[in-house]
Amino acid sequence: MLGSLSTSDIEDLLYQCNLGRIGCSHHGKIYVVPVNYIYDGRSVIAHSVEGLKIRIMRNNPSVCFEVDEVQNNKNWKSVIAQGVYQEIIGERERYDAMKLFVDKMLKLKVSTTAHPPELQPERLHSTHGSVKPVIYRILLTEKSGRYEKE
């Protein structure tokens, strides 16, 4: 059976998952990239080093976000959302966003090669010998969801 997810099911999937995909575009080319994220009820919050994805979203802040939960080809859920990229730049807001992110990630089983982001002030606000992360949100403006259930 195919169907549309309810608003409640869409919210649940966004809260439950931690890996999604951002789709952004630049000069007619679409770029899709996976990201670890948290959902705060309005926005997807993530972080990255500066690179192609950040440059594209700075240039064109209209983005798409997708998350799915797949058990098999006949049992899955998917949410697609439209949104607007916004960098989080205030020191307190950066700290609060990363704290939410770290708190959620520490509750998950993390692979042996993954390292949770550090909350030391010098890692969040300066470049003392390391790359300063770009902390951002995607403010979700439209959400829809589909599912298939055997």
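My aim in this report is to walk through the structure given alongside it, one point at a time. (Residues numbered from 1 in each chain as written. Predicted model: local features only at pLDDT ≥ 70, side-chain atom pairs only at ≥ 80, totals over all residues. Heavy atoms only, no water.)

Details of the pairing of strand β5 (residues 43–48)
Two faces, one strand: in a regular strand the side chains alternate between the faces of the sheet. What counts is decided by this rule: Exposure classes here rest on a 1.4 Å probe applied to the protein chains alone. A residue is buried below 20% of its type maximum, exposed above 50%, and partly exposed in between. For the purposes of this entry, the term helix denotes a DSSP run of H or I that reaches at least four residues, the term strand denotes a run of E that reaches at least two, and both are numbered from the N terminus. For two strands to be treated as a pair, DSSP must find at least two bridges joining them.
Where burial is concerned, most of β5 is hidden: five out of the six residues are buried. Taken together, the two bridges between strand β4 (residues 38–39) and β5 define a ladder with antiparallel strand orientation. Looking at β5, one finds that I38 is bridged to I45. Hairpin geometry of β4 and β5 is characterised by an intervening segment of three residues between the two adjacent antiparallel strands and by a positive phi of about 100 degrees at G41.

Remarks on the nonpolar core
Under the convention used in this document: What is meant by a nonpolar core is a set of buried Ala, Val, Leu, Ile, Met, Phe, Trp, Tyr and Cys residues, joined one to another through side-chain atoms within 4.5 Å. Any two residues whose heavy atoms approach within 4.5 Å are treated as being in contact.
Grouped together as the largest cluster of nonpolar side chains are 26 residues, with contacts concentrated most on I22, M57, F65 and Y136. The biggest single contributor to this core is strand β8 (residues 134–148), with four residues. Excluding anything up to four places from it in sequence, F65 contacts L14, G20, R21, I22, V35, Y37, V44, V79, I80, A81 and L140.

Details of unusual backbone geometry
In this structure, H27 takes a positive phi of about 50 degrees despite not being glycine. You can call H27 exposed: its relative accessible area is 72%.

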